[in-house]
Amino acid sequence: AEITRREATEGLDWQTIYQDEIALLGQKIKETEKERDEMTDIADQAEKDRDHYLAESDSLRWQVESLRKRLSEKTGEDPDTSIKIPPDYEDLADWVRENLSARLVLHPRAMRAVKDACYEDVELVYRSLLLLASEYRNMKLGYEGARETFNKQMDCLKVQCSPSIARERAGEEGDTYFVQYPIHSASKRFLDMHIRKGKDKNDHHCLAIYFFWDEDRRQVVVGWLPSHLDNRLT
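These numbers were taken from a predicted model, which means no experiment stands behind them. (Residues numbered from 1 in each chain as written. Predicted model: local features only at pLDDT ≥ 70, side-chain atom pairs only at ≥ 80, totals over all residues. Heavy atoms only, no water.)

Focus on the side chain of histidine 228
Applied cut-off: Starting at the N terminus, helices and strands are each numbered in turn, a helix being any DSSP run of H or I of at least four residues and a strand any DSSP run of E of at least two. Counted as a polar contact is a pair of N or O atoms within 3.5 Å, where, for protein atoms, one must be capable of donating a hydrogen and the other of accepting one, and residues adjacent in sequence contribute only when both atoms are in side chains.
Along the chain, histidine 228 falls in the segment after strand E7 (219-224). Within the local environment of histidine 228, its side chain forms a polar contact with the side chain of tyrosine 210, the two groups lying 3.3 Å apart.

Dropping the structure here:
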């Protein structure tokens, strides 16, 4: 219609040309509205599916926690004591999924960081994740005596748990101390805590595991490990 209008001469019926163009635009509007309605339906269904799977995930998480508790009561031992520690970082992501599910999750950014890990005490990294998934989580859930047990286990591992950086200073580092969470969402969470050992900032000898506590899902979210994150002081 636009081409016809450009090529039109004075002898053509301009009213007919514009009516044809208007009709075509009206048809395009109807098609666009139909596409919009279809996409809205898809989005609504996706939201319902998401809510369904979140509810199912929460249910499974509670079942896992209940089974762990029953197993502990039946055997009189903490199930974590039988978890085997791998000798390297290669299987860390799978190990977390298999052993710490519903208690601790590795953010994709942490998984990427592990690929370049050079911290020499590999076992301590695994033990520190167990510490967060067990004693730290129990403390956050308010279990009786959990804080004392957490402090005792920290002393045993010779690690410290403390705030990572002041939020004001973290803002000066861009997104360094923030991760997108929930994953694939636009919201960001501050990695406000870290487990650490060593002070020389040498990635081979200095450990740092950055994380935050997800109150809604009752789990620890690890956003970076095992090296220190950069800041303007380092």
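On we go.
A closer look at helix H5 (residues 122-140)
An α-helical turn contains 3.6 residues, so any two residues separated by three or four positions project in the same direction. Heads up, the rule is: Multiplying 1.5 Å by the residue count of a helix minus one yields the expected span of that helix. Bend, in this description, refers to the angle at a residue between axes fitted to the seven residues ending there and the seven starting there. Using a 1.4 Å probe on the protein chains alone, a residue whose accessible area is under 20% of its type maximum counts as buried, one over 50% counts as exposed, and one in between counts as partly exposed.
Its 19 residues give H5 an end-to-end C-alpha distance of 26 Å, which sits within 8% of 27 Å, the value for a rise of 1.5 Å per residue. Where H5 bends most, at leucine 131, the angle is about 35 degrees. Counting buried residues along H5, 15 of its 19 residues qualify, which places the element largely inside the surrounding structure. Of the residues one or two after H5, glycine 142 is the one with positive phi, at around 80 degrees.

Observations concerning the sheet that holds strand E6 (residues 207-214)
We apply this condition: A strand pair is defined by DSSP finding two or more bridges across the two strands. Lines fitted to C-alpha atoms define the axes here, with helix axes fitted over just the stretch in contact, and angles between the N-to-C directions of these axes take values from 0 to 180 degrees.
In spatial order, the strands read E1-E7-E6-E5-E2; together these five strands make up an open sheet with mixed pairing. One side of each edge strand has no neighbouring strand; the edge strands of this open sheet are strand E1 (104-106) and strand E2 (160-163). Going from strand to strand, the sheet's axes swing by 30 degrees on average, the running direction of each strand aside.

A short note on unusual backbone geometry
Proline 182 follows tyrosine 181 through a cis peptide bond whose omega is 0 degrees. As for its position among the elements, proline 182 is in the loop between strand E3 (178-180) and strand E4 (188-190). Cis geometry marks the peptide bond from leucine 225 to proline 226; its omega dihedral reads -10 degrees. Here proline 226 is to be found in the segment after E7. Residue alanine 102 is not a glycine yet carries a positive backbone phi of 75 degrees. On the secondary structure map, alanine 102 appears in the loop between helix H3 (92-99) and E1. Non-glycine residue lysine 158 carries a positive phi angle of around 60 degrees.

Keep in mind these numbers describe shape, not what the thing actually does.
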